[in-house]
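Results of the structural survey
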Amino acid sequence: MVDLLMEWGGTLIVFFAAAIAVVFPGFGSARGVGLVGQAAAGLISEDPSKFSKVLILQALPGTQGLYGFLTTILLLNKTGILSGDMAPIDLSMGLKYLFAVLPITVVGYFSAVIQAKTSAAGVAIVTKQPEDSTKAIIFAAMVETYAVISLLSSLLMIFSIE
Amino acid sequence: MNELQYAFAVARIRYNEMKLLKDKDFEQLISASDIDEALGKLGETGYQATQYGDLKDVFNKEAMKAWSLLLEIAPDKSLLDVFGVLNAFHNLKSALKSRVSGSDNGPYYLLPSCVEISLIDEAVGKNDFSILPEYMCQVAQISYRIMTENADGQLGEAYIDKAALDIFKKFAEKTDCPEVIRVANFKCAAADIKIAYRGCLTGKNKEFYDASLCPCEQFDITLLASAALEGKEELLDYLKTTSYKDAAGLLAGDFVAFEKWCDDSVMDIIRTAKAEPFGFAPLAAYWIAKETELKNVRMIMSAKQNGFSEDSIFERMRKLYV
């Protein structure tokens with residue numbers, strides 16, 4: 001059992017890392033897009049002409065889910081799981097991959113939710129001053145910076161693992 | 001309730017806030033030369049009134065339109081009871097007074113009411129107060145007894161008013177919204193000051209103050225009652241020692257100015273909701289803003305009908321939310 005774990009434990013951890021890298025940011029994005037969608041629906045039910053402006057705000061928290069998915073794809077590719085030439089990964093290597101996905105997993109989730117709150121607040125700007133809707137988008141996009149930083153961190157770590 | 005569930009409701013409220021009358025709309029109404037011109041200008045803002053006599057119905061319709069919007073969008077409709085509870089107690093008081101006095105005019109009811117008017121009518125008509133909500137049942141029984149057995153209508157009314165404020169504060173706490181809780185506490189304190197001031201001018205006794213003053217956080221009501229029993233100067237001196245020293249200054253001059261100060265203070269409290277993207281506060285603020293708008297329009301129209309000057313109208317104008 002111990003031998004089996006030593007031989008395949010790392011691989012299992014890589015699968016776990018790949019899963020959480022897509023699950024948490026994806027969950028955060030789903031929550032975020034849903035939240036802004038509620039606010040957008042509130043506005044559109046009163047003034048349908050503002051649909052295109054709020055659609056951008058709604059899409060913004062969705063990017064974290066894509067970053068998580070991208071991280072998972074690259075992790076699976078790097079470890080040979082995706083290409084089919086998978087070799088057993090030892091435990092320490094598996095743990096390295098797990099830590100490598102943590103930035104996008106954690107920051108991805110929280111930044112999606114926080115960005116959604118900013119975007120939903122931006123819906124009020126679109127409602128009252130539609131000419132300033134770009135400012136609402138910029139406010140929400142500022143949060144994106146940290147999601148991008150966490151994505152790059154995760155990718156750098158994944159590719160630096162030898 | 002998770003405040004994020006208010007995203008849809010708040011977005012709709014923000015849109016409807018834009019339909020509230022603004023300073024320039026009120027300036028136009030005030031600048032009208034007579035009531036007919038004012039009615040014409042009011043019509044341009046969306047209020048559909050062709051003659052002065054129609055205004056009461058138009059105001060009721062406007063209020064109920066705003067109320068229906070809140071009922072439609074609020075994730076937890078029970079929280080809105082906080083804005084219908086004072087009217088519900090007013091309606092109870094009105095029904096009891098009408099029954100006890102046997103007046104032909106019938107009770108004067110206010111809407112929105114968190115207790116159905118038909119239920120209040122039935123309870124008072126059948127003298128069966130048990131069908132009323134728990135928080136109102138005992139109050140109705142006791143005040144009815146005071147009105148009939150003691151033949152003291154004013155004391156009975158005071159008892160209902162005190163209970164109304166107490167329940168209002170409890171409902172406000174249920175909303176878990178700091179702005180609404182602060183508004184409830186402020187309104188309670190302001191009502192106590194008004195009762196003490198009027199009681200002091202009309203020489204009310206201690207029993208009256210005990211029955212009417214609702215405990216509040218801002219000051220000690222026993223000290224307020226003692227000061228009111230001693231006289232107007234003592235009452236104002238006592239208020240100067242509390243956080244309501246501004247009120248003392250206004251009461252020393254003009255009671256109308258004090259009432260304006262009360263409404264403006266409520267608006268100052270709720271104004272913070274303008275920057276809140278979620279939660280119950282924007283809904284509460286919209287309702288208070290609509291009530292203030294109606295109060296201002298009512299006051300302007302009444303002033304125009306009675307030929308008041310523009311300056312006197314401006315003096316009485318309440319602060320707006322938008």
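Not measured: the values here are computed from a predicted model.

Looking now at the overall build of chain B. The secondary structure content of chain B amounts to 16 helices and zero strands. The C-alpha atoms of chain B give a radius of gyration of 20 Å, which matches the 20 Å a tight globule of 322 residues would have. Along the longest, intermediate and shortest principal axes, the C-alpha atoms of chain B span 55 × 45 × 45 Å. For chain B, buried positions account for 52% of its 322 residues. For chain B, the share of sequence-separated contacts (at least 6 apart) that also reach a separation of at least 24 residues comes to 65%. On chain B, roughly 14800 Å² of surface is accessible, and the fraction owed to carbon and sulfur atoms is 49%.

Now for the packing of aromatic side chains. Residues and elements named next belong to chain B. Overall, the coordinates contain 17 aromatic pairs over all chains when judged by the stated rule. The interplanar angle of 75° and the centroid separation of 6.3 Å between the aromatic rings of Y47 and F59 together place this pair among those described as edge-to-face. Of the two residues, Y47 sits in the loop between α3 (35-44) and α4 (55-73) while F59 sits in helix α4, which places them 12 residues apart along the sequence. Residue classification places Y47 among the buried positions, given a relative accessible area of 2%. Pairing F89 with Y135 gives two aromatic rings, centres 6.2 Å apart and planes at 45°, and the pair type is tilted. Linking F89 in helix α5 (residues 85-101) with Y135 in helix α7 (residues 134-148), this pair joins segments that are 46 residues apart in sequence. Classification of Y135 by relative accessible area gives partly exposed; the value is 23%. Following the ring pairs from residue to residue traces out a cluster consisting of F186, Y197, F219, Y244, F255, F258 and W261. Positioned above the aromatic ring of F171, the side-chain terminus of K174 is 4.6 Å from the ring centre.

Residue and element names in this part refer to chain B. Here the structure, examined in full by the defined rule, presents 23 salt bridges over all chains. Ionic pairing is found between D166 and K170, a salt bridge with its closest N-O pair at 3.4 Å. Highlighted residues: D166 and K170, both in helix α8 (residues 153-175), separated by four residues, approximately one helical turn. Since its relative accessible area comes to 48%, K170 is described here as partly exposed.

Our focus in this paragraph is helix α12 (residues 232-240) of chain B. For α12(B), the set of buried residues is B:L235, B:L236, B:Y238 and B:L239. What you see down the axis of α12(B) is that its buried residues fit within an arc of 160°, all on one side.

Residue and element names in this part refer to chain B. Of note, the bond from L111 into P112 is cis; its omega dihedral lies within 30 degrees of zero at 0°. Mapped onto the fold, P112 is located in the loop between α5 and α6 (117-126). Of note in this structure, N127 is not a glycine but carries a positive phi near 55°. In this structure, N127 sits in the loop between α6 and α7. On the basis of relative accessibility, which here comes to 38%, the residue N127 falls in the partly exposed class.

Packed helix pairs are specified by the crossing angle of their axes together with the interaxial distance, meaning the distance between the axes. Residues and elements named next belong to chain B. Taken N-terminus to C-terminus, the directions of helix α1 (residues 7-17) and helix α15 (residues 281-305) make an angle of 30°; their axes are 9 Å apart at the nearest point. If you check the angle between α1 and α15, you find them roughly parallel. As for the relative orientation of α1 and α15, their crossing is left-handed in sense. Between α1 and α15, the contacting residues are A9, V10, I13, R14, N16 and E17 on the first element and P282, L283 and Y286 on the second. Residue classes in the contact of α1 with α15 are distributed as six nonpolar, one polar and two charged.

Each partner contributes residues to the interface: chain A has 17 residues there, and chain B has 15 residues. Of the roughly 1300 Å² buried at the junction of chain A and chain B (both faces included), carbon and sulfur atoms supply 68%. At the boundary of chain A with chain B, the tally comes to two salt bridges. B:R12 serves as the salt-bridge partner of A:E46, at 2.9 Å between the closest nitrogen and oxygen. Linking chain A to chain B there are three residue pairs in polar contact (both at pLDDT 80 or more). Going through the elements one at a time, α1 (2-46) and α4 (91-128) of chain A are the ones with two or more residues in the side of chain A that touches chain B.

It is worth spelling out the domain arrangement of chain B at this point. Residue and element names in this part refer to chain B. What the domain assignment reports for chain B is domain 1 (1-74 + 280-322) and domain 2 (78-176). For domain 1 and domain 2, the distance between their C-alpha centres works out to 27 Å. In this complex, domain 1 contributes 11 residues to the contact, which on the side of domain 2 involves nine residues. Interface of domain 1 and domain 2: buried area, both sides summed, is about 890 Å²; carbon and sulfur atoms make up 88% of it.

Ranked by size, the top nonpolar core spans 121 residues in total, and within it B:F89, B:L92, B:L132, B:F219, B:F280 and B:M301 carry the most contacts. Ranked by residues supplied to this core, first place goes to α15(B) with 14 residues. Looking at this core, you find at least three residues from each of domain 1 (1-74 + 280-322) and domain 2 (78-176) of chain B. Not counting residues up to four positions away in its chain, the partners in contact with B:M301 are B:L29, B:I35, B:A38, B:L39, B:L42, B:Y52 and B:L55. Ranked by size, the runner-up nonpolar core spans 19 residues in total, among them A:L35, A:A40, B:L4 and B:F278.

Let us look at the packing of helix α2 (residues 23-31) of chain B against α3(B). Residues and elements named next belong to chain B. Taken N-terminus to C-terminus, the directions of α2 and α3 make an angle of 160°; their axes are 8 Å apart at the nearest point. In terms of axis orientation, α2 runs roughly antiparallel to α3. Once α2 is placed against α3, the crossing between them reads as right-handed. Here α2 contributes Q28, L29 and S31 to the contact with α3, which in turn contributes A38, K41 and L42. For the contact of α2 with α3, the residue count by class is three nonpolar, two polar and one charged.

Rules of the game
Residues numbered from 1 in each chain as written. Chains lettered and ligands numbered in written order. Predicted model: local features only at pLDDT ≥ 70, side-chain atom pairs only at ≥ 80, totals over all residues. Heavy atoms only, no water. Helix = DSSP H or I, 4+ residues; strand = E, 2+ residues; numbered from the N terminus. Rg over C-alpha atoms; globule rule 2.2 N^0.38 Å. Buried < 20%, exposed > 50% of the residue type's maximum accessible area, 1.4 Å probe, protein only. Contact = heavy atoms within 4.5 Å. Areas by Shrake-Rupley, 256 points an atom, 1.4 Å probe, with all protein chains shown as cover. Phe/Tyr/Trp six-rings, centres within 6.5 Å; stacked < 30°, edge-to-face > 60°. Lys NZ or Arg CZ within 6 Å of the ring centre and 35° of its normal. Salt bridge = Lys/Arg side-chain N within 4 Å of Asp/Glu carboxyl O. Arc of directions from axis to C-beta. Axes fitted to C-alpha atoms, helices over the stretch in contact; angles between N-to-C directions. Parallel < 35°, antiparallel > 145°, perpendicular 65-115°, else oblique. Left-handed = near helix turned anticlockwise from the far one by under 90°. Nonpolar A, V, L, I, M, F, W, Y, C, P; charged D, E, K, R; others polar. Buried area = accessible area lost by both parts, 1.4 Å probe. Polar contact = N/O pair within 3.5 Å; in protein donor to acceptor, adjacent residues only side chain to side chain. Domains from an automatic or database assignment. Core = buried A, V, L, I, M, F, W, Y, C linked by side-chain atoms within 4.5 Å.

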